[in-house]
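The lines below spell out each chain.
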Amino acid sequence: MAKVFAIANQKGGVGKTTTCINLAASLVATKRRVLLIDLDPQGNATTGSGIDKQTLEHSIYDVLVGECNLVEAMQFSEHGGYQLLPANRDLTAAEVGLLEMKMKESRLRYALAPIRENYDYILIDCPPALSMLTVNALVAADGVIIPMQCEYYALEGLSDLVNSIQRIGKLLNPTLKIEGLLRTMYDPRISLTSDVSAQLKEHFPDTLYQTVIPRNVRLAEAPSFGMPALVYDKQSRGAIAYLALAGELVRRQRANAHTANV
Ligand code: ADP
Ligand code: MG
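Residues numbered from 1 in each chain as written. Chains lettered and ligands numbered in written order. Predicted model: local features only at pLDDT ≥ 70, side-chain atom pairs only at ≥ 80, totals over all residues.

Caption draft 1: Geometry of the overall build of the protein chain. The number of helices and strands found in the protein chain is 12 helices and 8 strands. A globule of 262 residues ought to have a C-alpha radius of gyration of about 18 Å, and the protein chain, at 17 Å, matches this closely. For the protein chain, the C-alpha atoms occupy an extent of roughly 50 × 40 × 40 Å along the three principal directions. Expressed as a percentage of the 262 residues in the protein chain, the buried residues total 45%. Of the contacts made within the protein chain by residues no fewer than 6 positions apart, 77% connect residues no fewer than 24 positions apart. (Helix = DSSP H or I, 4+ residues; strand = E, 2+ residues; numbered from the N terminus. Rg over C-alpha atoms; globule rule 2.2 N^0.38 Å. Buried ≥ 20, exposed ≤ 12 C-beta atoms within 10 Å, placed from the backbone. Contact = placed C-beta atoms within 7 Å.)

Below is the structure:
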């Protein structure tokens, strides 16, 4: 049964999409079956997976409003090795359309139910807002992965985000947990980065991933070729960091499963 993780942060430009694409490809490299869901109308995860968002026959929008089933909308990312539910600007309309629908917060959860057993991991790339789309992701997910940059306002924004996730969880998905905090675009030469990083370790010792994602130009270049860094330049520091993250994520989950069984 797949673990479903929403990759969320209400801030834009913190590395959500980069994390989705590269974590998905890294999990595939460790022989996991992965589905990536693009839930952002900007469709960056779609383009970055090598799929043309302008010419989609079906997208996640059709799935959410019940116009087609999930399998019909799925596409295979050749370079990433994972399945993708693509998105484009049509999804903006879903924000409004969903408000009029029954079970509007659970549309994605119900759409995923029949295919969950076909995957090991389902990753959801969220838009940079706590919108109805993000609520759908949080209701469908087992856990939330929060990518963040170690900058001055990061901690403040983080406590707002964690509070909102907990509130939504309590109302609509009581088993939802914060799966992990991920430091992205990390540059240890900046002293503020180390300060914020130290505070994160202090406040979130169990949720903070040990793996940090460095600032690496290969990670920024790869999406324009529709590739994860692992294929674009497998020796790059960015590609190696995301492989390490996949390893840490899998180990953490095994450890959790073990504690749950004893
Ligand atoms: P979000 O999805 O949160 O808006 P993105 O993943 O799109 O953020 O990242 C924002 C920008 O920063 C993109 O241009 C991306 O290529 C770049 N980027 C993301 N992570 C890194 C990194 N570790 N090193 C260098 N550039 C990065
Ligand atoms: Mg994004």
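There's more to say after this.
Caption draft 2: Structural view of the UniProt feature "domain: AAA" (unreviewed entry) in the protein chain. Taking the numbering used here, the UniProt-annotated feature "domain: AAA" (unreviewed entry) corresponds to residues 3-178. Helix makes up 40% of residues 3-178 and strand 16%, and the two end C-alpha atoms of the span are 13 Å apart. (UniProt positions renumbered as here; feature names shortened; annotations may be inferred.)

Caption draft 3: Quick look at the nonpolar core. A24, L123, I124 and A137 are the most contacted members of the largest nonpolar core, which totals 77 residues. Once you skip the residues sitting within four places of it in the chain, I124 turns out to touch A6, I7, I37, L39, A137, A140 and A141. (Core = buried A, V, L, I, M, F, W, Y, C linked by C-beta atoms within 7 Å.)

Caption draft 4: View of the environment of L84. Among the structural elements, L84 can be located in strand β4 (residues 83-85). Classification of L84 by C-beta neighbours within 10 Å gives buried; the count is 27. In sequence terms L84 and S49 are 35 residues apart; their C-alpha atoms lie 7.9 Å from each other. If sequence neighbours within four positions are ignored, L84 has contacts with L36, D38, T46, S49, I51, M74, Q75 and S77.

Caption draft 5: Highlighting the site of ligand 1. In the vicinity of ligand 1, 17 residues are found, and the nearest of them are G15, K16, T17, T18 and A220. Mapped by element, the contributors of at least two residues to the shell around ligand 1 are α1 (16-29), β7 (177-186) and α10 (217-221). Element by element, the count of residues in the shell around ligand 1 is highest for α1, at 3 residues. Broken down by class, the residue content of the shell around ligand 1 amounts to 6 nonpolar, 9 polar and 2 charged. (Near = placed C-beta within 6 Å. Nonpolar A, V, L, I, M, F, W, Y, C, P; charged D, E, K, R; others polar.)

Caption draft 6: Highlighting the pairing of strand β6 (residues 143-149). The buried count for β6 comes to 6 of 7 residues, which makes it a mostly enclosed element. Both strand β1 (residues 3-7) and β6 contribute to a ladder of 3 bridges, which runs parallel. By the bridge assignment, A6 is partnered in β6 with V144. Pairing analysis gives 7 bridges linking β6 to β7, with the strands arranged parallel. Each bridged residue has a counterpart across the sheet, and for V144 the counterpart in β7 is I178. You can see the chain leave β6, run along helix α8 (residues 154-172) and come back into β7, and the turn it takes is right-handed. (Pairing = 2+ DSSP bridges. Right-handed = clockwise from strand over helix to strand, strands pointing away.)

Caption draft 7: Representation of the environment of E248 in the model. Counting through the fold element by element, E248 comes out in helix α12 (residues 237-261). Sequence separation between E248 and T211 is 37 residues, and the spatial gap between their C-alpha atoms is 7.4 Å. Those residues in contact with E248 that lie beyond four places of it in its chain are Y209, Q210 and T211.

Caption draft 8: Up close: the environment of L219. With respect to the helices and strands, L219 occurs in helix α10. It is 12 Å that separates the C-alpha atoms of L219 and Y186, two residues lying 33 residues apart in sequence. Excluding its chain neighbours within four sequence positions, the residues that come into contact with L219 are T18, N22, A229 and G238.

Caption draft 9: A look at the packing of helix α7 (residues 132-140) against α8. Where α7 contacts α8, the two axes come as close as 10 Å, and the packing angle between them is 65 degrees. Crossing of α7 against α8: the hand is right-handed. Here V135, L138 and V139 of α7 come into contact with α8, specifically with I165, I168, G169 and L172. Of the residues assigned to the contact of α7 with α8, the class counts are 6 nonpolar, 1 polar and no charged. (Axes fitted to C-alpha atoms, helices over the stretch in contact; angles between N-to-C directions. Left-handed = near helix turned anticlockwise from the far one by under 90°.)

Caption draft 10: Quick look at the pairing of strand β5 (residues 121-125). A large share of β5 lies buried, amounting to 5 of its 5 residues. Of the strand pairs in this sheet, β1 and β5 are connected by 5 bridges, and their pairing is parallel. Counterpart to K3 in the pairing with β5 is Y121. Note that strand β2 (residues 34-38) and β5 share 5 bridges and pair parallel. Within β5, the residue paired with I37 across the bridge is I124.

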